[in-house]
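Here are the chains, one letter per residue:
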Amino acid sequence: MGRATAVDPSARRGSDYAELSRRVRAAGLLTRRPGRYLTRIVLTLGVYVAVWAAVVGTGDSWAQPVLAVVLAVATTQVAFLGHDAGHRQMFRRRGPSELVGLLTGNLAIGLSYGWWVDKHNRHHANPNHADEDPDVGAGALAWTYEQAADTRGVARWMARRQAWLFFPMLLLEGLNLHVASIRAIVGREPGGGFRTPMRHRAVEALLLALHTGAYAGVLLLTMSPVKALVFAAIHQGLWGLYMGCSFAPNHKGMPMPDGDDELDYLRKQVLTARNVRGGPFVDAALGGLNLQIEHHLFPNMPRANLRRARPIVRAYCAEVGVPYAETGLVDSYRQALAHLHEVGRPLRGR
C-alpha cells in the first residue's frame, strides 16, 4: 500500500494529455475569469473583515469563542483565495496574482505565500511521490512502510496509532503553518544561502510581522488575556482542522508511485488523485479542491470551471482506460485513515 504500482507500463502514452488539453481548451475552460474572481475576493475578504469587526464590537465576553469558530471558517476561505492566486487562476499576469497571494497569505492569515507556492508546486510536479512530494514526505505522519520503519521513540508510538491521531493532530496544523512560514523566511543553508526560494522575502517578513502584531494586539486590547488565549486556541485549532480536512481527501490512500513508475503526465495526475462528490455547497466548503483530478490536470483553470471540466475529463479517462477515482466525502476520509492504519500495522506487531 505504501508503494503501490500505479499503472501497467504498457499503457503509457505521452500524447493522451495533449488531446485532453485540446478538448478542454476548445470548451473555453482555461479562459480566466478575473471579473468573477474580483467579486469572490471582495465578498470573501468582506466577510473576513466583518468577523474581525464583530470580535472588536463584542469586547470582553465569553461569546468570543463562537466568533473564533466563525473566524476559522472565514480564514480558510481566505486561504483558498491564496491557493487560487498561487496557481494564477485569477489573472494571467504574475504581479496581480502575487499581490493577492501576499495580502491573503502573509497579511490576512499569517502564512508565507512564497513558501507555500514553492512547496505546493513540488507537490503538483510529483503528487504522492514519497521522495518528491513534500505533502507525503517523512514527518509527523508516516505515509509509507519505509517511513514507518524509520521512526523511533515517540514518533514510532504515534505511527502505530496515527489513524486515530490524525484528526486531533490537525488541530495543530495552523500553528505548524505559522512556524513553517517563519522558518522558510529566515532559514539558511550551511553555506549561508536561504533554504527556501522566495521572490519577495523582505515584503513577506514585513507582512507576517504586521499580521502577528495586529492579531495579538486586537485580541489583547479587546478581551482579557485568558479569553484571548482561548480565542486564539479555538481559531487556530479549527483553522488547521478545516485546512487539513480540505486537503486530506484528495490524495491520501491513493497509489504512491516511486522511481520505477515512469508515468506520463495524464496518469501521474489522475491515478494519484481522488474527487469528492457533491454540488455547489461542497465546492464552496472545499474551495474547489473536491475536483482534485481536474485541478491537478489543469492547475491554472479557474475554480468555477472545474465542475464544467469534470464530464470531459471523466469521459476521456474512460476512453483511454485510465481509472477515475471519485467517492463521497466521508468515504474519502475512511480511505485516507485506512491507509494510515495499514502503514502502521507492521509496528503494532512489535
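Account for the overall build of the chain, with residues named and values stated.
In terms of helices and strands, the chain carries 17 helices and 2 strands. In terms of overall size, the chain behaves like a compact globule, its C-alpha atoms giving a radius of gyration of 21 Å where 350 residues would be expected to give roughly 20 Å. Counting every position in the chain, which comprises 350 residues, the buried fraction comes to 49%. Expressed as a percentage of contacts within the chain between residues at least 6 apart in sequence, the contacts between residues at least 24 apart total 72%.

Go over a nonpolar patch on the surface with me, naming the residues and quoting the values.
Among the surface-exposed residues, Leu-99, Leu-103, Leu-107, Leu-206 and Leu-210 lie close enough to one another that they form a single nonpolar patch of about 450 Å² accessible area. Counting residues per element, the ones that place at least two in the nonpolar patch are α4 (94-109) and α10 (201-222).

I'd like a description of the nonpolar core, backed by residues and values.
One finds Tyr-48, Trp-52, Ile-109, Trp-115, Leu-219, Phe-231 and Trp-239 to be the most contacted residues of the largest nonpolar core, which totals 34 residues. Among the elements that line this core, the one with the most residues is helix α3 (residues 64-86), at 7 residues. The residues contacting Trp-115, other than those within four sequence positions of it, are Leu-177, Ala-180, Ser-181, Ala-184, Thr-196 and Met-198.

Outline empty space enclosed by the protein, listing residues and values.
For the structure shown, the criterion picks out 2 cavities of 30 Å³ or more. Elements that contribute at least two residues to the lining of the largest cavity include exactly α3, α4, α5 (113-125) and α11 (225-251). Of the residues contributing to the lining of the largest cavity, the split by class is 8 nonpolar, 6 polar and no charged. Lining of the second largest cavity is provided by His-83, Asp-84, Gln-89, Gly-287, Gly-288, Leu-289, His-295, Arg-303 and Leu-306. Split by residue class, the lining of the second largest cavity holds 2 nonpolar, 5 polar and 2 charged.

With reference to specific residues and values, describe the packing of helix α9 (residues 173-186) against α10.
When two helices pack together, their arrangement is captured by the angle between the axes and the distance separating the axes. Packing of α9 against α10 leaves a shortest axis separation of 10 Å and a crossing angle of 145°. For the element pair α9 and α10, the recorded crossing hand is left-handed. Counted together, His-178, Ser-181, Ala-184 and Ile-185 of α9 and Arg-201, Glu-204, Ala-205, Leu-208 and His-211 of α10 form the full contact between these two elements. Residues belonging to the contact of α9 with α10 are distributed by class as follows: 4 nonpolar, 3 polar and 2 charged.

Just give me the short version of helix α8 (residues 162-170), but keep the residues and values in it.
Along an α-helix, residues three or four positions apart point the same way, because every turn accommodates 3.6 residues. Inspection of α8 places Gln-162, Ala-163, Phe-166 and Leu-170 among the buried residues, and these make up the whole buried set. The buried side chains of α8 occupy one side of the element, clustering within an arc of 90° when seen end-on. Packed against the buried residues of α8 are α7 (153-160), α9, α11 and α16 (329-343).

Can you break down α3 residue by residue, with the values?
Here α3 contains 23 residues, and its C-alpha end-to-end distance of 32 Å stays within 8% of the 33 Å for a straight helix at 1.5 Å per residue. With respect to burial, α3 is a largely interior element, 18 of its 23 residues being buried. Positive phi appears at Arg-88, one or two residues downstream of α3, with a value of about 55°.

Describe the side chain of Ser-181, naming the residues involved and giving the relevant values.
Relative to the assigned elements, Ser-181 resides in helix α9. Apart from residues lying up to four places away in sequence, Ser-181 is in contact with Gly-110, Leu-111, Ser-112, Trp-115 and Leu-208.

Please set out the pattern of salt bridges residue by residue, giving values where relevant.
For the structure shown, the criterion picks out 16 salt bridges. One salt bridge connects Arg-314 with Glu-326, and the closest N-O pair in it is separated by 2.8 Å. A residue pair is termed long-range when its members are at least 10 positions apart, and Arg-314 in helix α15 (residues 306-320) and Glu-326 in strand β2 (residues 326-327) qualify at 12 residues. On the accessibility criterion, Arg-314 (40% relative accessible area) is partly exposed. Residues Arg-345 and Glu-342 are paired through a salt bridge, measuring 2.9 Å at the closest nitrogen-oxygen approach. A relative accessible area of 44% means that Arg-345 is categorised as partly exposed. What emerges from the salt-bridge pattern is a single network uniting Glu-19, Arg-22, Arg-23 and Glu-319.

About the criteria used
Residues numbered from 1 in each chain as written. Predicted model: local features only at pLDDT ≥ 70, side-chain atom pairs only at ≥ 80, totals over all residues. Heavy atoms only, no water. Helix = DSSP H or I, 4+ residues; strand = E, 2+ residues; numbered from the N terminus. Rg over C-alpha atoms; globule rule 2.2 N^0.38 Å. Buried < 20%, exposed > 50% of the residue type's maximum accessible area, 1.4 Å probe, protein only. Contact = heavy atoms within 4.5 Å. Patch = residues over 30% accessible without salt bridge, like charges linked within 9 Å, V, L, I, M, F, W, Y side chains within 5 Å. Areas by Shrake-Rupley, 256 points an atom, 1.4 Å probe, with all protein chains shown as cover. Salt bridge = Lys/Arg side-chain N within 4 Å of Asp/Glu carboxyl O. Core = buried A, V, L, I, M, F, W, Y, C linked by side-chain atoms within 4.5 Å. 1 Å grid on protein atoms, 1.4 Å probe; cavity = no way out; pocket = protein on both sides within 12 Å on 5 of 7 lines; lining within 4 Å. Points joined across faces, edges and corners; volume = space filled by probe spheres on them. Nonpolar A, V, L, I, M, F, W, Y, C, P; charged D, E, K, R; others polar. Axes fitted to C-alpha atoms, helices over the stretch in contact; angles between N-to-C directions. Left-handed = near helix turned anticlockwise from the far one by under 90°. Arc of directions from axis to C-beta. Expected span 1.5 Å × (residues − 1).

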